[in-house]
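Given next are the chains, with one letter for each unit.
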Amino acid sequence: MIAALLLLTAQAGAADPVPDATLSRRVERVLERSPVIDGHNDLAWEIRELHEAKVESVDLAVDTAHLPNPLQTDIPRLRKGHVGGQFWSVYIPADAPRAVEMTLEEIDIVRRFVAANPAIFELATTAADIRRIEKAGRIASLIGVEGGHQIDGRLSVLRQYRALGVAYMTLTHGKSLDWADSSTDAPRANGLSEFGRQVVAEMNRIGMIVDVSHVSDATMAAALAATKAPVIASHSSARAIADAPRNIPDDLLRAIGANGGVVMVNFYPSFLSAAWRAWDVARSAYAKGIGVPANVYGAKSPAPLVAWDAAHPEPQVTAATVADHVEHIAKIAGHDHVGIGGDFDGIQGTGPIGLKGVDGYPLLFAELARRGWSDGDLAKLSGGNVLRVIERVEAVSKAMAGMPPVDATDVGSR
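Quantities reported herein were computed from a predicted structural model and do not represent experimental measurements.

Visitor: Help me understand the layout of surface pockets, please; the structure alone is not making it clear to me.
Guide: Unfilled space is identified by rolling a water-sized probe across the atoms. By volume, the second largest pocket is sized at about 230 Å³. Together, 15 residues line the second largest pocket, and W276, Y297, E314, G351 and K356 are the ones closest to its centre. Its residues assigned to classes, the lining of the second largest pocket shows six nonpolar, six polar and three charged.

Next up, the structure:
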């Protein structure tokens, strides 16, 4: 594994110094004791869209990077990446019809690929589950609903998702709702509506983590004011380092730290690097102008885009770029409030150099170790912080156990 880590680091280019063998062994020891718990992975959607939802025909026991429709996730790479826990997103588009039905189909996909690999995966719904599964050498599999549109304005649906094992819900995705606003759409709720506050309260009551990735700044502030439990941002980065609406500004990073929550850093280059983001905007505009899709990168791109890429080299985004976001969040919110949310299989096959799949995590940890991070702080980043959040969410839910369900619907969302 040390040799593999050195190879990955060498591939990252001059911007990422190659760690010596001692540093590499140290990272290995940390991640063996405290495996990565990643906050967000879209494998279920990619199996649905790229592989026609034929779950059992996708062999995750082999390298999926070289499939005709490649993936960023498979069991060999999860092992190389020292992943011990994964929140599998059950994403559907914000404007998709049949939201509840599609979400149930996505939950079924996760449950099926977990069941198809019982020696590797096991479903988890509690922090104790995660610890037990990791200790047994398997990968704890949790489920996250990626958008409040997926409850169709009904708290009854929210409760049923929890009963099916859903651990968190992202309050919005790319479109604003009547009850909560997205960071990438015009506001409709101006924070949270009364129903939005009821959603947060019911999530606290049933032990579901409130996820504030994708939401507007006003909605994030309102959710932090409403919640009794810590929140997560399952796949968000720092706006001070890369000015993207999906990233979190310093005042809200501090507020998440004060709340006891965790910001889990996203590996999508558009959220990591202003230069890459500008390059991608120009590339997308060119693709639109000639009528070809822009969401394919590298050699599989349409021929005109391959030529455009050759004439306009992609800006380098490396493990050092990710580390800059991690360090900034740790500086502003505290080392207890940062984690990892790679967003793999939701970023069109992109990623920092050496971090284009779930095997790349050790490269980031080597960079942070090189910068002087202690073993304790690396272990908090890898999984300790989000485990603490889960335990606190469970404690809040237990304290609210005597409260009845909230019987509310949002007619405008239906």
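Visitor: Would you explain the pattern of salt bridges in this entry?
Guide: Opposite charge on two side chains permits pairing when their charged atoms draw close. In total, this model carries 29 salt bridges according to the counting rule given. Across the salt bridge formed by R112 and D108, the nearest N and O atoms sit 3.2 Å from each other. With R112 and D108 both in helix α5 (residues 99-115) and four residues apart, the pair spans about one turn of that helix. A salt bridge links D336 to K380; its shortest N-O distance comes to 2.7 Å. Residue D336 is located in the loop between α14 (319-333) and β9 (338-340), and its partner K380 is located in helix α16 (residues 375-399); the two are separated by 44 residues in the primary sequence. Residue classification places D336 among the partly exposed positions, given a relative accessible area of 31%. We classify K380 as partly exposed; its relative accessible area is 30%.

Visitor: What exactly am I supposed to notice about the nonpolar core here?
Guide: It is characteristic of soluble globular proteins that their nonpolar side chains tend to be buried jointly. The biggest cluster of nonpolar side chains holds 99 residues, and the ones touching the most others in it are F113, F121, M169, L171 and W179. Broken down by element, the residue count for this core peaks at eight residues, all from α14. Residues I37, A140, L142 and V389 belong to the second largest nonpolar core, which totals 22 residues.

Visitor: Can you help me understand the side chain of N117 in this one?
Guide: Structurally, N117 is set in the loop between α5 and β3 (121-123). Once residues within four sequence positions are removed from consideration, N117 is found in contact with L60 and I75.

Conventions we followed
Residues numbered from 1 in each chain as written. Predicted model: local features only at pLDDT ≥ 70, side-chain atom pairs only at ≥ 80, totals over all residues. Heavy atoms only, no water. 1 Å grid on protein atoms, 1.4 Å probe; cavity = no way out; pocket = protein on both sides within 12 Å on 5 of 7 lines; lining within 4 Å. Points joined across faces, edges and corners; volume = space filled by probe spheres on them. Nonpolar A, V, L, I, M, F, W, Y, C, P; charged D, E, K, R; others polar. Salt bridge = Lys/Arg side-chain N within 4 Å of Asp/Glu carboxyl O. Helix = DSSP H or I, 4+ residues; strand = E, 2+ residues; numbered from the N terminus. Buried < 20%, exposed > 50% of the residue type's maximum accessible area, 1.4 Å probe, protein only. Core = buried A, V, L, I, M, F, W, Y, C linked by side-chain atoms within 4.5 Å. Contact = heavy atoms within 4.5 Å.

What is shown is where atoms sit, not what they do.
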